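# Breakdown of the fold
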Amino acid sequence: MSTFDNPFDPDRKLRAGCVCGQHRSAAEHEQATALHCEPVASEETRYEGVVASAVMRAMFPQDVARRAFLKSVGASTALAALSQFFPLKTATEVFAQAGTPEKKDLKVGFIPITCATPIIMAAPMGFYAKHGLNVEVVKTAGWAVIRDKTINKEYDAAHMLAPMPIAISLGLGANAIPFAVPAIENINGQGIVLATKHKDKRDPKDWKGLKFAIPFDYSMHNYLLRYYLAEAGLDPDTDVQLRSVPPPEMVANLRADNIDGFLAPDNICQRAIYDGVGFMHLLSKEIWDGHPCCSFAASREFITSAPNSFAALTRAIVDATAYASKAENRKQIAEAIAPANYINAPVTVLEQVLTGTYANGLGGVKTDPKRVDFDPFPWQSFAVWMLTQMKRWGQIKGDVDYKAVAEQVYLATDTKKLMTEMGLTPPASAYKSFAVMGKNFDPAKPEDYLASFKIRKAS
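What counts, and at which threshold
- Residues numbered from 1 in each chain as written.
- Predicted model: local features only at pLDDT ≥ 70, side-chain atom pairs only at ≥ 80, totals over all residues.
- Heavy atoms only, no water.
- UniProt positions renumbered as here; feature names shortened; annotations may be inferred.
- Pairing = 2+ DSSP bridges.
- Helix = DSSP H or I, 4+ residues; strand = E, 2+ residues; numbered from the N terminus.
- Axes fitted to C-alpha atoms, helices over the stretch in contact; angles between N-to-C directions.
- Contact = heavy atoms within 4.5 Å.
- Phe/Tyr/Trp six-rings, centres within 6.5 Å; stacked < 30°, edge-to-face > 60°.
- Buried < 20%, exposed > 50% of the residue type's maximum accessible area, 1.4 Å probe, protein only.

The protein chain goes by ABC transporter substrate-binding protein in an unreviewed UniProt entry, where it is assigned to Bradyrhizobium agreste. We quote the UniProt Subcellular location (unreviewed entry) comment for the protein chain here in full: "Endomembrane system". According to UniProt, the comment filed for the protein chain under the heading Sequence similarities (unreviewed entry) is "Belongs to the CmpA/NrtA family."

Here it is in structure tokens:
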């Protein structure tokens, strides 16, 4: 899903490529690097590629037709013919000028977990710079700190748990401040880990009285763990203890016997296994395959005061997410995000998370290439599901306008337009159905879904 493919190459699909834009894959890029692969020479050349690619996609939405045309007339003839009917040079100049960031020096906060991979890697791997920005990614201690620093404008934008911008916009736990999500950071990528002493407690029905850590009240971790416990017949508010613990502190708390387990990002899970203090009970994708976890978020105030900066940030994140979605890039990314100023973890731990081949703490090695994945599109049906769980567990009182809130916070329309401009292919709709532990969710019927749960907090 490379943003800057050569649209005049008859042998190339428009949605595959390497980071330099000249090869079909990262592997081909690596092989050619020693010979002649160089980054795009200039911003002008880069914008020319974007504009030309967009025009070719519009003219030939099917790769087969485009390739046949190019093979019959040749790339140079095709470019000359296209230039006669479409002012590529003028369009390139307009495209470049229209997006000049109002503010190029930006601060983006993040929590040191693999969910933040696109936000973190975009700094050392040059994605922010490629989009004209000088971004300082700032390692932050916990989610409340991320929220407060972004609200107080110490950060221009931030890595947030996917439900957090909804909660902030609704005034849950603080004054209501409109926030928005232009991109999801990751899908899947979490797990339930139990302390080694609980190897005989593989049935969640035996977990009554145990203490579990979650990263934050307004988190997918909270909602997925509650869902899993409730499906096993346990009331998460009375049968177990749930504690909010910053992810970087979870392994130490497990080692100290302060908690019996946690549902947390995969690098935290893998670190507990690496340190010999826990084992993987299950991956979060076994609860809901394709669930969102974290998001890239900003206040509406920042979006309206610096729209070009916000758009450039979003393009950089989408670009980095597309690169991270390719399995062949994961080891390179693990090395980029491992240093102390980023995730501060052994490369081998991060590789086990990102490649999906990992030790499970029970003496086995598992392989699941979709253990974590990266897809930036902010599905509004994700937001509707989160709202049902907020209401199910008493975080929201009274009626909820699910559709209005989802569309206010999750910017699917804007992101769809931006992805199209970048030459990517966004989904046709912002809503989709999915299943959580075998139970189908229809985003058009949230109240019916909510009413179907026997275990929930009393209104």
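Moving on from the coordinates now.
### A look at the sheet that holds strand β4 (residues 179-184)
Read from one edge to the other, the open sheet built from five strands follows the order β2-β1-β3-β11-β4, with strand pairing classed as mixed. Looking along the sheet, the strands with just one partner apiece sit at the ends: β2 (134-139) and β4. Taking each pair of neighbouring strands and ignoring which way they run, the sheet shows an average axis angle of 30°. Sheet topology places strand β1 (residues 105-110) next to β2; six bridges connect them, and they run parallel. Considered in β2, the bridge of D105 is made with N134. The strands touched by helix α8 (residues 143-151) are β1, β3 (157-161), β4 and β11 (294-299); relative to β3, the strand with the most contacts, the crossing angle is about 145°. Along the sheet face, helix α14 (residues 307-324) touches β1, β2, β3, β4 and β11 and points at about 170° away from the line of β11.

### A look at the packing of aromatic side chains
For the structure on display, the rule yields 14 aromatic pairs. Centroid distance F216 to Y218: 6.1 Å. Interplanar angle 65°. Geometry classified as edge-to-face. Here the aromatic rings of F377 and W379 are separated by 5.1 Å at their centres, their planes lie at 80°, and the arrangement is edge-to-face. Accessibility classification places F377 together with W379 in one group, the buried group. An aromatic cluster is present here, built from Y227, W288, F382, W385, F434, F441, Y449 and F453 joined pairwise through their rings.

### Some points on the sheet that holds strand β10 (residues 278-283)
Taken in spatial order, the five strands make up an open sheet running β8-β7-β9-β6-β10, and their pairing is mixed. Of all strands in the sheet, those with a lone pairing partner are β8 (241-244) and β10, marking the two edges. When the angles between neighbouring strand axes are averaged without regard to direction, this sheet yields 25°. In this structure, strand β7 (residues 211-214) lies alongside strand β9 (residues 261-265), joined through two bridges in parallel fashion. Counted as the bridge partner of A213 is F262 from β9. Strands β6 (190-195), β7, β8, β9 and β10 of the sheet are contacted by helix α10 (residues 220-231), whose axis makes an angle of about 135° with β9. Those strands touched by helix α12 (residues 266-274) are β6, β9 and β10, and its axis lies near 130° from that of β9.

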